[in-house]
Amino acid sequence: MTTEDPDDGALWSQAAGGSAHAFGVLFDRHAKAVYNHCFRLTASWAEAEDHLQATFLVAWRKRAEVRLERESALPWLLAVATNVVRNEQRSLGRRLKNLRRVGEEPAIPDHADLVVDRLDDQRRMNELLGAVAKLPRNEREALALCVWSQVSYADAAAVLGITEGSVRARVSKAKSKLQQQHELVHTGEDR
């Protein structure tokens, strides 16, 4: 962003007034961060792409209702992305439960779009998500915002509705627990 570029607040106001161009600038400015945030929550590049699109669709639909509390739209967009992912995971859980009742047909994987690097990224991210899933929800949310998506503690506190000190404590606890789990996996010890 140059000194001539409008800040997110000005762009959001223009988008709320119907400016598709202003909304496009917001998309260009924050799409990569939202995409990476979604990947970190799902361990799937394809799902991250879908969730990115759904996040900005929600943002477009709510552009006139939402007032940004901070100078950046990114914390709000990441919160929306988290909810989009969570809702999709709940929906998927319900569909899988229904499939189990009826009986599953074997899945036929489509390998055309898979790239070796992405498979490796997904495997590592799945391992990490397995460890992160053991954390309490409040620690997972703080970790995803502050560590993975590099949102400031102050912005994360505003989005989560808690104090900055609470965000710092949650991130610290999450990192400590993940470090302990990592050491157990690599040493093979049970505690």
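This text goes with the structure placed above it.
The structure presented is a predicted model; accordingly, all values stated were derived computationally and were not measured. (Residues numbered from 1 in each chain as written. Predicted model: local features only at pLDDT ≥ 70, side-chain atom pairs only at ≥ 80, totals over all residues. Heavy atoms only, no water.)

Student: How should I be thinking about the overall build of the protein in this particular structure?
Tutor: The number of helices and strands found in the protein is 8 helices and 0 strands. Listing the helices and strands of the protein from first to last along the sequence gives α-α-α-α-α-α-α-α. Burial status across the protein gives 32% buried among its 191 residues. Of the contacts made within the protein by residues no fewer than 6 positions apart, 63% connect residues no fewer than 24 positions apart. (Helix = DSSP H or I, 4+ residues; strand = E, 2+ residues; numbered from the N terminus. Buried < 20%, exposed > 50% of the residue type's maximum accessible area, 1.4 Å probe, protein only. Contact = heavy atoms within 4.5 Å.)

Student: Looking at this structure, how should I read the packing of helix α2 (residues 20-42) against helix α3 (residues 45-62)?
Tutor: Each packed pair of helices is defined by two parameters, the angle between the axes and the distance between the axes. One way to put it is that α2 packs onto α3 with a least axis distance of 8 Å and a crossing angle of 140°. Overall, the two elements α2 and α3 adopt an arrangement that is oblique. When the axes of α2 and α3 are compared, the crossing they make is right-handed. Here α2 contributes Ala20, Phe23, Leu26, Phe27, His30, Ala31, Val34, Tyr35, Asn36, Cys38, Phe39 and Thr42 to the contact with α3, which in turn contributes Trp45, Glu47, Ala48, Glu49, His51, Leu52, Thr55, Phe56, Ala59 and Trp60. Grouping the amino acids of the contact of α2 with α3 by side-chain chemistry returns 15 nonpolar, 5 polar and 2 charged. (Axes fitted to C-alpha atoms, helices over the stretch in contact; angles between N-to-C directions. Parallel < 35°, antiparallel > 145°, perpendicular 65-115°, else oblique. Left-handed = near helix turned anticlockwise from the far one by under 90°. Nonpolar A, V, L, I, M, F, W, Y, C, P; charged D, E, K, R; others polar.)

Student: Where do I start with the packing of aromatic side chains in this structure?
Tutor: Each pair of aromatic rings is reported with the distance of its centres and the angle of its planes. If you walk through the whole model with that rule in mind, you get 6 aromatic pairs. On the basis of an interplanar angle of 80° and a centroid distance of 6.1 Å, the ring pair of Phe23 and Phe56 is categorised as edge-to-face. Of this pair, Phe23 sits in helix α2 while Phe56 sits in helix α3, placing them 33 residues apart in sequence. As far as burial versus exposure is concerned, Phe23 and Phe56 are alike and both buried. (Phe/Tyr/Trp six-rings, centres within 6.5 Å; stacked < 30°, edge-to-face > 60°.)

Student: Quick question: what am I supposed to make of the side chain of Thr82 here?
Tutor: Along the chain, Thr82 turns up in helix α4 (residues 74-102). Once residues lying within four places of it in the same chain are set aside, the contact partners of Thr82 are His37 and Leu41.

Student: Help me understand the environment of Ala16, please; the structure alone is not making it clear to me.
Tutor: Its place among the elements puts Ala16 in helix α1 (residues 8-16). With a relative accessible area of 24%, Ala16 lands in the partly exposed category. Residues within four places of Ala16 in sequence aside, it is in contact with Arg63 and Ala64.

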